[in-house]
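# Understanding the architecture of this molecule
One-letter residues, chain by chain:
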Amino acid sequence: MNAFTEAGRGGQGADSRADPTPDLAVALAAVVGAAHVLTTAADMARYETEWRRNYPGRARAVVRPGSTEEVSRVVAACAAAGVPIVPQGGNTGLVGGSTPDESGTEVVLSLDRMRAVRSVDPLDRTLTIEAGCTVLEAQAAAEAAGRLFPLSLASEGSATVGGVVSTNAGGEQVLRYGNTRELVLGLEVVLADGRVLDLLTALRKDNTGYDLKQLFIGAEGTLGVVTAATFKLFSRPRQVVTAWVAVRDPQAAVQLLSLLTDALGERVTAFELIGDGPLGLVLRHGTPGMRAPLGAVSPWSVLLDVSEASALVDPRPSVEQVLSAAMEEGVVLDAALAASETQALAFWALREHVPEAQRLEGPSIKHDISVPISRIPDFIERAGHALQQAMPGIRIVCFGHVGDGNLHYNQSKPEGMADADFRARENAVHDIVHAAAAELNGSISAEHGIGRQKQDAFLTYKSPVAIDTMARIKHALDPAAIFNPGRVLPRARVDSLTPF
Ligand SMILES: Cc1cc2nc3c(=O)[nH]c(=O)nc-3n(C[C@H](O)[C@H](O)[C@H](O)COP(=O)(O)OP(=O)(O)OC[C@H]3O[C@@H](n4cnc5c(N)ncnc54)[C@H](O)[C@@H]3O)c2cc1C
């Protein structure tokens, strides 16, 4: 691993990139240690592109502070040098917010060394944990204290606390526990001038002025660097019933959700719709032994969890009762209840493997729209029809969190179409899908955010007053635009603010 100071002295290594501001190089190395400032192409490669390799860039350097104080000093040094910073967690973001642009001027600030679990309090039901810990590590820390950290998403082995806070990540249990925003009690954030805003708290109620933490949740690294968070924890469920259910159509899925919620309330913790498109890809590309739980692949399936915190009440009979009634009404076609935890995990593996299977299938176009739950069937019908008109044979890979009105409405290319032809029509596909969501009072992004990918749609569909208000907040907190410039809000939009 070459140190920044070496590159600053002339970039002797074959793959070193000469740094135009050696003073900054020296300053950063003095803060974090030379070993934690990376400058060679080989060392920086994994920080310069993300999981799907859609947003490759070139960093000026990658800096890896090990404490909040070091983050503060790194930010202050970059601010003094006028050098933009791209905060980065697990780099699993899907909209190009976590990687540097092509300019070679941006410093990637990776939180991957900030991995302390600061405290777990089973009585307060709180977990305070540093930004570089993965979601899986947060879950494990809670479990060790007999509590549940309920955030769960397919990228949880890599996605970090800082990343899920900054993207307000959702996942599979939002139905019961809410998005990341609902789980955060407090944050610690480094501001654009290097000051530390300490909002860490275990308080459930605090009405003293503006709720500042909310500004940084979902801000995609454009307002500050999140260094730690305090989360709410929950009782661990004693019993979970997992079921794979073939439903008549998406309308039936929405009806089933309503029937289950009427009968079981918030014990319904997950409710995922899975079309035959994604299930087919998983069976093609998944690990050996993966099989459809009901034998045949139904056009539409639901994967659901019902969780019970009490050991005294068995939720299984209630689930069976609801499913039988729904079967009599023709809503449910067939169902399998997992007989063991191993089988439940096998059901969930099918769902979790969808993103990887779609990646292995070839180029894909992704969307994470949301609409009111009752409009999901309409959305699937409208968008599917419009896409087939525009590109006959396009394959719809539709799955997602129906309980939150949120679909991953993705596309794979028609059989036989060249990759380049498919990619060339990506924007036209986005336009069709986003327009269908907007017509139904939906959102172009329920989970992944805006980043660099969705700016056009963001500017088209978000209210101009909302955009103007966001630009003013950005300008107030980061007047020199050092944090993730050009992500979420186009740079020109912030620069062209007119006074109130
Ligand atoms: C297979 C797969 C499945 C996924 N499933 C889901 C899902 O179900 N639900 C969902 O919501 N998302 C999902 N995602 C998207 C992604 O995992 C989330 O957006 C996640 O929150 C990103 O976390 P990260 O640590 O990887 O952040 P990164 O990708 O590193 O960064 C994401 C954004 O946050 C900013 N950021 C990161 N850390 C900080 C910090 N400490 N301070 C300030 N800004 C920061 C970055 O600048 C960037 O803008 C999935 C992704 C993959 C690859």
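Residues numbered from 1 in each chain as written. Predicted model: local features only at pLDDT ≥ 70, side-chain atom pairs only at ≥ 80, totals over all residues.

Interface size is commonly expressed as the accessible area that is lost once the parts come together. If you check the domain split of the chain, you get domain 1 (4–110), domain 2 (117–235), domain 3 (239–353) and domain 4 (362–451). Opposite the 6 residues of domain 2 that make contact, domain 3 presents 8 residues. Residue classes in the side of domain 2 that touches domain 3 are distributed as 2 nonpolar, 2 polar and 2 charged. (Domains from an automatic or database assignment. Contact = placed C-beta atoms within 7 Å. Nonpolar A, V, L, I, M, F, W, Y, C, P; charged D, E, K, R; others polar.)

This paragraph deals with the sheet that holds strand β4 (residues 107–110). Read across the open sheet, the 4 strands follow the order β1-β2-β4-β3; overall the sheet is mixed. Each having just a single partner strand, β1 (37–38) and β3 (85–88) make up the two edges of the open sheet. Bridge count between β3 and β4: 4 bridges; the pairing is parallel. Each bridged residue has a counterpart across the sheet, and for P87 the counterpart in β4 is L109. (Pairing = 2+ DSSP bridges. Helix = DSSP H or I, 4+ residues; strand = E, 2+ residues; numbered from the N terminus.)

Before going further, it helps to examine the pairing of strand β5 (residues 117–121). Here β5 pairs with strand β6 (residues 126–130) via 4 bridges, running antiparallel. The residue bridging D121 from the neighbouring strand is T126, located in β6. Between β5 and β6, which pair antiparallel and follow one another directly, the connecting turn spans 4 residues, one of which, R125, has a positive phi of 60°.

Let us look at the site of the ligand. In the vicinity of the ligand there are 38 residues, among which G89, G97, G162, G163 and G221 approach most closely. At the level of secondary structure, the elements contributing two or more residues to the shell around the ligand comprise β3, α6 (161–167) and β10 (225–232). Ranked by the residues each element gives to the shell around the ligand, the list is headed by α6, at 5 residues. Residues that form the shell around the ligand fall into these classes: 14 nonpolar, 21 polar and 3 charged. (Near = placed C-beta within 6 Å.)

Along any regular strand the residues' side chains alternate between the sheet's two faces. Here β10 lies mainly inside the structure; 8 of its 8 residues are buried. Here 5 bridges tie β6 to β10, and the two strands are oriented antiparallel to one another. Within the sheet, the bridge partner assigned to T128 lies in β10 and is T230. (Buried ≥ 20, exposed ≤ 12 C-beta atoms within 10 Å, placed from the backbone.)

Time to look at the environment of L407. Secondary-structure assignment places L407 in strand β19 (residues 406–412). With 108 residues separating them in the primary sequence, L407 and P299 have C-alpha atoms 16 Å apart. When sequence neighbours within four positions are dropped, the list of residues in contact with L407 reads I369, I376, C398 and G400.

A few words now on the sheet that holds strand β8 (residues 184–190). Judged by pairing direction, the sheet is antiparallel, and its 5 strands sit side by side in the order β5-β6-β10-β8-β9 without closing on themselves. This sheet does not close on itself; its edge strands, each paired only once, are β5 and β9 (196–198). Strand-to-strand twist in this sheet, taken as the mean axis angle between neighbours without regard to direction, amounts to 15°. (Axes fitted to C-alpha atoms, helices over the stretch in contact; angles between N-to-C directions.)

Here we take up the packing of helix α15 (residues 376–390) against helix α17 (residues 426–439). The axes of two packed helices give the description: the angle between them and the distance between them. Following both chains from N to C, one finds α15 and α17 inclined at 155°, their axes separated by 9 Å at the closest point. When the axes of α15 and α17 are compared, the pair comes out roughly antiparallel. Considering the relative orientation of α15 and α17, their crossing is right-handed. Counted together, F379, R382, A383, A386, L387 and A390 of α15 and A428, V429, I432, V433, A436 and A437 of α17 form the full contact between these two elements. Considering only residue class, the contact of α15 with α17 consists of 11 nonpolar, no polar and 1 charged. (Parallel < 35°, antiparallel > 145°, perpendicular 65-115°, else oblique. Left-handed = near helix turned anticlockwise from the far one by under 90°.)

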